[in-house]
Amino acid sequence: MFSCGSNSVYESEHMRNVTGDTIRPGGFDLTDRAVHICNFKNNHRVLDVGCGMGTTVAYLKMRYNLDSVGIDPSKKLLKEGKVKNPNLNLYEGWGEKLPFKNCEMEGVFCECTLSLMEDKDMVMKEIYRVLKDKGYLAISDVYAREPRYINELNELNLKSCLRGIHHVEVLKEKLIERGFEIRSFEDHTNYLKELMVNIIFQYGSMNVFWNKTGNCNIDSNELKRILSKSKVGYFLLIAQKT
Ligand SMILES: C[S@@+](CC[C@H](N)C(=O)[O-])C[C@H]1O[C@@H](n2cnc3c(N)ncnc32)[C@H](O)[C@@H]1O
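Residues numbered from 1 in each chain as written. Predicted model: local features only at pLDDT ≥ 70, side-chain atom pairs only at ≥ 80, totals over all residues.

A.B. asks: How should the site of the ligand be read in this particular structure?
C.D. replies: Taken together, 22 residues form the shell around the ligand, and within it Tyr10, Ile23, Gly50, Gly52 and Gly95 come nearest. Of the residues in the shell around the ligand, the class split is eleven nonpolar, seven polar and four charged. (Near = placed C-beta within 6 Å. Nonpolar A, V, L, I, M, F, W, Y, C, P; charged D, E, K, R; others polar.)

Following this line, the structure appears as structure tokens:
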């Protein structure tokens, strides 16, 4: 038997064993892609919502010379980030209540975080508020390529971003209702597959990993069945405030 691990998968050492300090599929590849599409320039002010250890905040500053800040509710991850990079602008807080002024940001990143947030409508409202006109929102996250089975996944009550897996058409509609225009949508499921291969390579099976990361009460066969039916994928979406 495996013991039930940390309360949130993303805070657990097991997740970091497979992702490194970028706690998401794809590392910086999709960050680079977003910077390229949004054409962020020197000193543009950008916010990373759900920044974890601030790894992207540091990267955007060093690689692109952006004026980057991050916010996350996890004291543990923020502390680790501050130890590595004491000069980073990292704040404790929630996407649902951003401690920034109206129209302050050229861009907002949500890298594998929106799916974890309880009140996505409020988060989108807040992001819209802090963005300048024509500012960009870059979301990379998990989605059900076959969305008919999303409710079954939700019922499993997983402790991971799969709990809030996106129905992309619904997400796009909500963004448009909020006042965004969708500039691009790209499928990057290959990065999720790479992550799963890594997990199996290091832990022997997805079941072992799920158990270690606190999803002990899940019937792993049931999980496997629903995951494969719903064709879990990964995407990068860029929206622009109009
Ligand atoms: C999968 S991790 C990704 C962290 C970081 N973006 C990265 O890629 O390394 C998800 C992050 O979302 C944060 N999070 C969860 N709920 C949140 C909320 N309501 N507002 C802001 N961040 C949240 C978690 O604390 C965690 O750091």
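A.B. asks: Honestly, the pairing of strand 2 (residues 67–72) in this entry has me stumped. Any pointers?
C.D. replies: Burial of strand 2 is extensive: five of the six residues sit out of reach of the surface. As paired elements, strand 1 (residues 45–49) and strand 2 share five bridges and run parallel to each other. Bridge pairing in strand 2 links Val46 to Ser68. Following the backbone out of strand 1, through helix 3 (residues 55–64) and into the adjacent parallel strand 2, one traces a crossover that is right-handed. The sheet contact formed by strand 2 and strand 3 (residues 89–92) spans four bridges and is parallel. Bridge assignment links Ile71 to a residue of strand 3, and that residue is Tyr91. Remark: the strand 2/helix 4 (residues 75–84)/strand 3 crossover connection has right-handed handedness. (Buried ≥ 20, exposed ≤ 12 C-beta atoms within 10 Å, placed from the backbone. Helix = DSSP H or I, 4+ residues; strand = E, 2+ residues; numbered from the N terminus. Pairing = 2+ DSSP bridges. Right-handed = clockwise from strand over helix to strand, strands pointing away.)

A.B. asks: What's the story with the packing of helix 5 (residues 120–130) against helix 7 (residues 168–178) in this structure? I'm lost.
C.D. replies: Axes are the key here: two packed helices are described by the angle between their axes and the distance separating the axes. One way to put it is that helix 5 packs onto helix 7 with a least axis distance of 10 Å and a crossing angle of 45 degrees. It follows that helix 5 is oblique to helix 7 by the angle criterion. Crossing of helix 5 against helix 7: the hand is right-handed. The residues of helix 7 that touch helix 5, namely those facing Asp121, Met124, Lys125 and Tyr128, are Lys174, Leu175 and Arg178. (Axes fitted to C-alpha atoms, helices over the stretch in contact; angles between N-to-C directions. Parallel < 35°, antiparallel > 145°, perpendicular 65-115°, else oblique. Left-handed = near helix turned anticlockwise from the far one by under 90°. Contact = placed C-beta atoms within 7 Å.)

A.B. asks: Please clarify how unusual backbone geometry should be interpreted in this entry.
C.D. replies: Among all residues save glycine, negative phi is the norm, and among peptide bonds the norm is trans. Although it is not a glycine, Asn39 sits at a positive phi angle of roughly 55 degrees. On the secondary structure map, Asn39 appears in the loop between helix 2 (29–38) and strand 1. Here Asn39 falls in the exposed class, since 10 other C-beta atoms lie within 10 Å of it. Of note, the phi angle at Asn65 is positive, near 55 degrees, even though the residue is not glycine. Owing to 13 C-beta atoms within 10 Å, Asn65 belongs among the partly exposed residues under this scheme.

A.B. asks: Sorry if this is basic, but what is going on with helix 4 here?
C.D. replies: Quick reminder: α-helices carry 3.6 residues per turn. Residues three or four places apart thus point the same way. The set of residues buried in helix 4 consists of Leu77, Leu78 and Gly81. Seen along its axis, helix 4 keeps its buried residues to an arc of 100 degrees; they face one direction. In helix 4, the exposed positions angled more than 90 degrees off the buried face are occupied by Lys75, Lys79 and Val83. Against strand 2 and strand 3 lie the buried residues of helix 4. (Arc of directions from axis to C-beta.)

A.B. asks: When you look at the sheet that holds strand 7 (residues 232–241) in this model, what are you seeing that I'm missing?
C.D. replies: By way of backbone hydrogen bonds, the strands of a sheet pair with one another, either parallel or antiparallel. Across the sheet, seven strands lie side by side as 3-2-1-4-5-7-6; this open sheet has mixed pairing. This sheet does not close on itself; its edge strands, each paired only once, are strand 3 and strand 6 (180–187). Each strand axis lies, on average, 20 degrees off the axis of its neighbour in the sheet, ignoring direction. Of the pairings in the sheet, the one linking strand 4 (residues 105–111) to strand 5 (residues 131–144) comprises six bridges and is parallel in character. Opposite Val108, over in strand 5, you have Leu137 as the bridge partner. Seen against the sheet, helix 3 touches strand 1, strand 2, strand 3 and strand 4 and runs at an angle of roughly 180 degrees to strand 2.

A.B. asks: Just to check I follow, could you spell out the environment of Asn190 for this structure?
C.D. replies: Of note, Asn190 is situated in helix 8 (residues 189–203). Residue classification places Asn190 among the partly exposed residues on the basis of 13 C-beta atoms within 10 Å. For the pair Asn190 and Tyr234, spaced 44 residues apart in the sequence, the C-alpha separation amounts to 7.8 Å.

A.B. asks: Is there a simple way to think about the nonpolar core in this case?
C.D. replies: Soluble, globular proteins show a tendency: their nonpolar side chains are buried together. The biggest cluster of nonpolar side chains holds 58 residues, and the ones touching the most others in it are Ala34, Val46, Leu47, Val108, Ile127, Leu137 and Ala138. Here this core takes eight residues from strand 5, the largest share from any one element. The residues touching Ala138, leaving out its near neighbours within four places in the chain, are Ala34, Cys38, Gly107, Phe109, Leu236 and Ile238. (Core = buried A, V, L, I, M, F, W, Y, C linked by C-beta atoms within 7 Å.)

A.B. asks: Any chance you could explain the environment of Leu116 here in plain terms?
C.D. replies: Mapped onto the elements of the fold, Leu116 is located in the loop between strand 4 and helix 5. Take Leu116: there are 21 C-beta atoms within 10 Å of it, and that puts it in the buried class. The sequence separation of Leu116 and Ser12 amounts to 104 residues, and the corresponding C-alpha distance is 15 Å. For Leu116, the residues in contact, after removing those within four places along its chain, are Gly50, Cys161 and Gly164.

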